[in-house]
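# Understanding the architecture of this molecule
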Amino acid sequence: MPEIKAPLFAADGSSKGDISLDADMFGIEPNMPVLHQVVTAQLAAARRGTASTKTRGEVRGGGRKPWRQKGLGRARHGSIRSPQWVGGGVAHGPKPRDYTQRTPKKMKRLALRSALSARASEDAVLVVENIEWTAPKTKQAVALLDAMGAKGKTVVVLNSIDGTAARSFRNLPEVRLAEPGHLTPYDVLWSDQLVFTSHTVGALGNAGGYGISDEDFVKDSDSAKGSDSSDEDLANEGGES
């Protein structure tokens, strides 16, 4: 199997050469049917399943027969709440239900590896050395992405301890943050490029067996933008995001 490499950058955006990637995570032949099935299951799990309509038996009224059965030359009807009447019940309408699908863990791991391998083959995987910024500033994050040539939708994979870096990236509208244990195939396919740190890129091998949870649900584009606080407000925050 050929060696898979990705460009390595310092925290200030300067080039540091290349870094080798795990061939088991970034160098396999993508399995598109499995990838499609897992992404479909993730999108289905994001559905709330609360849509509900009333049947003819649940709509108020309609207990009296509107007119007699014969003799008027009109079609027979037994209730003004049948589906063909305005204000009547809905035939075969949605009811509250659970849309989640059971997906084996092996399929989830294979789908994530397939998505990562597809991005690696497109040279869309970038790695940054430890981001040790003293204060959270959005302009630092923008400067780093520009120096790396990361444009468009970007997923930045950080550890939970990288609070300063997370608060620096979270206000960017086209940036989505993820942890190694919660990186999903949909996140990978949504992005134009992936940005890892030297620690998170090596942690994917142990974190590939994720389970679809509330944290993995697909968010609306507006919610991915984060808060509208300024860099000064972020610098005054005491805890992690």
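Residues numbered from 1 in each chain as written. Predicted model: local features only at pLDDT ≥ 70, side-chain atom pairs only at ≥ 80, totals over all residues. Heavy atoms only, no water.

### A look at the overall build of the protein chain
For the protein chain, the count of helices and strands is eight helices and six strands. Shown N-terminal to C-terminal, the secondary structure of the protein chain runs as helices and strands in the order β-β-α-α-α-β-α-β-α-β-α-β-α-α. Across the 241 residues that make up the protein chain, the buried fraction comes to 40%. Contacts in the protein chain between residues far apart in sequence, at least 24 positions, make up 72% of those at least 6 positions apart. (Helix = DSSP H or I, 4+ residues; strand = E, 2+ residues; numbered from the N terminus. Buried < 20%, exposed > 50% of the residue type's maximum accessible area, 1.4 Å probe, protein only. Contact = heavy atoms within 4.5 Å.)

### Looking at the side chain of Ser117
If you trace the backbone, Ser117 turns up in helix α3 (residues 105–121). Overall, Ser117 belongs to the buried group, its relative accessible area being 4%. Among all residues touching Ser117, those that are not within four sequence positions of it are Met25, Phe26, Gly27 and Ile28.

### Overview of the packing of aromatic side chains
Going through the model one piece at a time under the given rule, you end up with three aromatic pairs. On the basis of an interplanar angle of 45 degrees and a centroid distance of 5.9 Å, the ring pair of Trp67 and Trp85 is categorised as tilted. Of the two residues, Trp67 is situated in the loop between α2 (32–45) and α3 and Trp85 in the loop between α2 and α3; the sequence distance between them amounts to 18 residues. Sitting over the ring of Tyr99, Arg47 keeps its end group 3.8 Å from the ring centre. Positioned above the aromatic ring of Trp67, the side-chain terminus of Arg74 is 4.1 Å from the ring centre. (Phe/Tyr/Trp six-rings, centres within 6.5 Å; stacked < 30°, edge-to-face > 60°. Lys NZ or Arg CZ within 6 Å of the ring centre and 35° of its normal.)

### Quick word on the environment of Lys153
Considering the arrangement of structural elements, one finds Lys153 in the loop between α4 (138–148) and β4 (154–157). Between the alpha carbons of Lys153 and Pro173 there is a distance of 8.6 Å; along the sequence they are 20 residues apart. Setting aside chain neighbours within four positions, we find Lys153 in contact with Glu174, Trp190, Ser191, Asp192 and Gln193. Within the structure, Lys153 has its side chain in polar contact with the backbone oxygen of Trp190 (distance 3.3 Å). (Polar contact = N/O pair within 3.5 Å; in protein donor to acceptor, adjacent residues only side chain to side chain.)

### Some thoughts on the pattern of salt bridges
The tally for this structure, following the rule as stated, stands at three salt bridges. Note that Lys95 is salt-bridged to Glu58, the shortest N-O span being 2.9 Å. Residue Lys95 is located in the loop between α2 and α3, and its partner Glu58 is located in the loop between α2 and α3; the two are separated by 37 residues in the primary sequence. Assessed through its relative accessible area of 34%, Lys95 is described here as partly exposed. (Salt bridge = Lys/Arg side-chain N within 4 Å of Asp/Glu carboxyl O.)

### What to know about the sheet that holds strand β6 (residues 193–197)
Spatial ordering of the open sheet is given by β2-β1-β3-β6-β4-β5, a layout of six strands whose pairing is mixed. Where the open sheet ends on each side, the last strands, each with one partner, are β2 (15–21) and β5 (175–178). Pairwise comparison of adjacent strand axes, ignoring direction, gives a mean angle of 30 degrees for this sheet. With four bridges joining them, β4 and β6 adopt parallel strand pairing. The residue bridging Val156 from the neighbouring strand is Val195, located in β6. Sitting on the sheet, α3 touches β1 (4–9), β3 (125–128) and β6, and the angle it makes with β6 is about 100 degrees. Sheet contacts for α4: β1, β3, β4, β5 and β6; angle to β3, the most-contacted strand, approximately 130 degrees. (Pairing = 2+ DSSP bridges. Axes fitted to C-alpha atoms, helices over the stretch in contact; angles between N-to-C directions.)

### Quick word on the pairing of β1
Bridge analysis of β1 against β2 gives five bridges, and the strand direction is antiparallel. Its bridge partner lying in β2, Ile4 is registered against Leu21. Hairpin connection, β1 to β2: the antiparallel pair is bridged by five residues, and Gly13 has positive phi, about 95 degrees. As paired strands, β1 and β3 are joined by two bridges and run parallel to one another. For Phe9, the partnering residue across the bridge sits in β3 and is Val128.

### Quick look at the pairing of β5
Here β4 pairs with β5 via four bridges, running parallel. Each bridged residue has a counterpart across the sheet, and for Thr154 the counterpart in β5 is Val175. Of the crossover connections in this fold, the one passing from β4 over helix α5 (residues 163–169) to the parallel β5 is right-handed. (Right-handed = clockwise from strand over helix to strand, strands pointing away.)

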